[in-house]
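Here is how the chains run, residue by residue.
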Amino acid sequence: MFSKTKKTERIDAEQREQYEYARSRIKQKKNLMRHFILFLVGSVLLILINPILGYGENFFIKDWFIWAILIWTFIFLVHLFNVFVMNKFMGKEWEDRQLEKLKARQAERMAELQKKVETELQLPTTPPGTSKKNELNNPLPPDVQ
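Residues numbered from 1 in each chain as written. Predicted model: local features only at pLDDT ≥ 70, side-chain atom pairs only at ≥ 80, totals over all residues. Heavy atoms only, no water.

Caption draft 1: A look at helix H1 (residues 13-53). Its 41 residues give H1 an end-to-end C-alpha distance of 58 Å, which sits within 8% of 60 Å, the value for a rise of 1.5 Å per residue. Taken together, the buried positions of H1 are Arg25, Leu32, His35, Phe39, Gly42, Ser43, Leu46 and Asn50. Immediately downstream of H1, the backbone of Gly54 shows phi near 70°, a positive value. (Helix = DSSP H or I, 4+ residues; strand = E, 2+ residues; numbered from the N terminus. Expected span 1.5 Å × (residues − 1). Buried < 20%, exposed > 50% of the residue type's maximum accessible area, 1.4 Å probe, protein only.)

Spelled out as structure tokens, the structure:
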């Protein structure tokens, strides 16, 4: 309990990333379950409100609560599809592949820009047989030996 050595486990980056991914998946599934429970309770309440309280008898749609439940069912199915289906296609592995593609494209672009800069900064080369005095635009003729 009061030992001088403290054991602290270090988590490497990959394990930390996996932990964060698992945590986010658990949060998604937890929110989906909350949505499902709220959907069930809300549907039962909508079904009970219509005949017991007589709320909505003056609506232009007689069974309005059925349409409300159907719309809510559609929204819940979209949420379910997003959590279980879309995450398979566009999950962690998909993000990693896209990141690698973008990094490779950026490295290619940087190499192209570097080549362009190097070619623009190169000094003009002198053809063989010309002397340095002619290159410096000296009006005097070259030395004769």
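Still more ground to cover, so stick around.
Caption draft 2: Spotlight on the UniProt feature "transmembrane region" (unreviewed entry) in the chain. Residues annotated in UniProt with the feature "transmembrane region" (unreviewed entry) correspond here to residues 32-52 and 64-85. Taken as a whole, residues 32-52 contains 100% helix and 0% strand, while its terminal C-alpha atoms sit 30 Å from one another. Spanning residues 64-85, this segment combines 100% helix with 0% strand, and its end C-alpha atoms are found 31 Å apart. (UniProt positions renumbered as here; feature names shortened; annotations may be inferred.)

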